Amino acid sequence: MTTESGADNPRHEYRTMQAEAFNRIGARYDEAFPHKEGQIAAGEWMIKQLKPGARVLDVGCGTGSPTAQQFADAGCEVTGIDISPVMLDLARKNVPVGTFLEFDVLEVDGSLGVFDAATAFFSLLMLPRADIVAALGRLHSVLAPGALFSLSMVEIDLDDVPFQFLGAPVRVTGYLRDELREVVEAAGFSVLSENHISYAPATTQAPPEIQLFFNCRRDQF
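In this convention, every chain numbers its residues from 1, walking through the sequence in written order. Reporting of local features is limited, given that this is a predicted model, to residues whose pLDDT is at least 70; pairs of side-chain atoms are given and counted only at 80 or more, and all residues count toward the totals for whole chains, interfaces and linings. By convention in this description, side-chain values take in all heavy atoms of the structure and omit both hydrogens and water.

**Quick word on the sheet that holds strand β4 (residues 115-121)**
Spatial strand order, β3-β2-β1-β4-β5-β9-β8: seven strands in an open sheet with mixed pairing. Every interior strand has two partners, whereas the edge strands, β3 (99-102) and β8 (189-199), have only one. Neighbour-to-neighbour, the strand axes of this sheet turn through a mean angle of 15 degrees, independent of strand direction. A pair of strands is considered paired only if DSSP assigns at least 2 bridges between the two. Secondary structure is summarised from DSSP: a helix means a run of H or I of at least four residues, a strand means a run of E of at least two, and numbering begins at the N terminus for each. Here five bridges tie strand β1 (residues 55-59) to strand β2 (residues 77-82), and the two strands are oriented parallel to one another. Angles run from 0 to 180 degrees between N-to-C directions of axes, and those axes are lines fitted to C-alpha atoms, restricted for helices to the stretch in contact.

**Some words on the pattern of salt bridges**
The salt bridge criterion pairs a side-chain nitrogen of Lys or Arg with a carboxyl oxygen of Asp or Glu, the two atoms within 4 Å. Scanning all chains against the criterion turns up 11 salt bridges. Residue E77 pairs with R55 through a salt bridge whose shortest N-O separation is 3.3 Å. Within this pair, whereas E77 is found in strand β2, its partner R55 is found in strand β1, the two being separated by 22 residues in sequence. Look at E77 and you get partly exposed, because its relative accessible area is 42%. The structure contains a network of salt bridges with shared partners spanning R11, R15, E102 and D104. Each residue gets one of three labels from its accessible area relative to the maximum for its type: buried under 20%, exposed over 50%, partly exposed in between, using a 1.4 Å probe on protein chains only.

**Details of helix α5 (residues 85-94)**
Side chains three or four residues apart in an α-helix point the same way, a direct result of the helix having 3.6 residues per turn. What α5 keeps buried is the set M87, L88 and A91. For α5, the arc enclosing every buried residue in end-on projection is 100 degrees, short of the 170-degree limit, so these residues lie on one face. Should any heavy atoms of two residues lie within 4.5 Å, those residues are counted as being in contact. Structurally, α5 contributes buried residues whose contacts are with α1 (10-25), α2 (28-32), β2 and β3. The arc in question is the one spanned by the directions pointing from the helix axis to the C-beta atoms.

**Considerations on the environment of Q211**
Note on placement: Q211 falls in strand β9 (residues 209-218). Setting aside residues no more than four positions away along its own chain, Q211 makes contact with F122, M153, N195, H196, I197 and Y199. Reaching out from Q211, the side chain makes a polar contact with the side chain of E209 at a distance of 2.9 Å. Identification of polar contacts relies on pairs of N or O atoms within 3.5 Å, with a donor-acceptor requirement for protein atoms, meaning one able to donate a hydrogen and the other able to accept it, and with residues adjacent in sequence counted only if both atoms are side-chain atoms.

**A short note on helix α7 (residues 177-186)**
Of all the residues in α7, the buried ones are L180, V183 and V184. Projected down its long axis, α7 shows its buried positions confined to an angular sector of 95 degrees, all on one face. Structural note: α7 exposes E182 and A186 on the side pointing more than 90 degrees away from its buried face. Buried residues along α7 sit in contact with α6 (129-142), β5 (143-154), β8 and β9. G188 sits one or two positions beyond α7 and adopts a positive phi of about 100 degrees.

**Notes on the confidence of the model for the protein**
Summing up the model confidence of the protein, the mean pLDDT is 92 and the portion of residues at 70 or higher is 95%. Taken together, the stretch residues 1-7 has pLDDT below 50 and engages in 14 contacts with residues farther than four places along the chain or on a different chain. A score from 0 to 100, pLDDT tells how confident the predictor is in each residue.

**As for the packing of aromatic side chains**
Describing an aromatic ring pair means giving the distance of the ring centres and the angle of the ring planes. Stacked, tilted and edge-to-face pairs are distinguished by plane angle, under 30 degrees for stacked and over 60 for edge-to-face with tilted covering the rest, among Phe, Tyr and Trp rings (Trp via its six-membered ring) whose centres lie within 6.5 Å. What the rule picks out here adds up to eight aromatic pairs. Three or more aromatic residues link up through ring pairs in this structure, and these residues are F22, Y29, F33, F165 and Y199. By the criterion adopted, a ring carries a charge over it if an Arg CZ or a Lys NZ lies within 6 Å of its centre and within 35 degrees of its normal. For the cation-ring pair, R55 lies above F115, with the distance from its terminal atom to the ring centre recorded as 4.1 Å.

As structure tokens, this is what we get:
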């Protein structure tokens with residue numbers, strides 16, 4: 001759990017702003033993005049390779065739907081982390097067998113244990129690029145050698161830009177696909193497959209987007 005606080009802490013202020021946005025959005029997130037075929041397909045790719053009881057870390061778990069629920073239904077031990085208490089409350093209701101913690105990905109460490117797989121679906125885009133590199137390093141450190149990792153981002157060339165998301169102010173980051181692949185590989189992951197999907201949210205408060213999905217494996221070091 002985050003241990004840093006105070007108005008003089010830039011990361012604390014940034015985290016609080018982003019968390020408050022998703023506290024306001026709450027269940028409207030799933031209403032705006034009802035179809036998550038790419039996310040579900042990435043989860044299925046992982047589940048086919050995992051044994052029942054495998055430990056899975058869902059980074060930016062949101063409401064727990066569909067990813068945490070998907071892994072729980074497959075018999076995995078799911079830990080979801082998020083910085084939004086409202087989202088975590090929804091996840092606990094939606095996936096009562098999961099463990100959901102208010103935790104900043106930039107503070108992920110060995111206290112959570114070692115995982116067989118991790119997902120980061122549209123959560124790292126809430127960080128500046130420098131922090132995305134740090135977050136990937138954190139995730140690498142808690143994944144077992146050879147563990148699976150799936151992430152998704154929106155394809156756009158932005159770094160920490162103000163944005164109105166479902167009526168809430170946030171800051172967002174994106175990459176073009178070749179750049180994202182380079183960042184992921186530099187963090188110690190092999191990209192095994194990738195997919196891109198043209199997606200139109202079910203609301204005029206979010207624009208159409210190209211979603212990038214990378215299915216990866218943690219390198220053996």
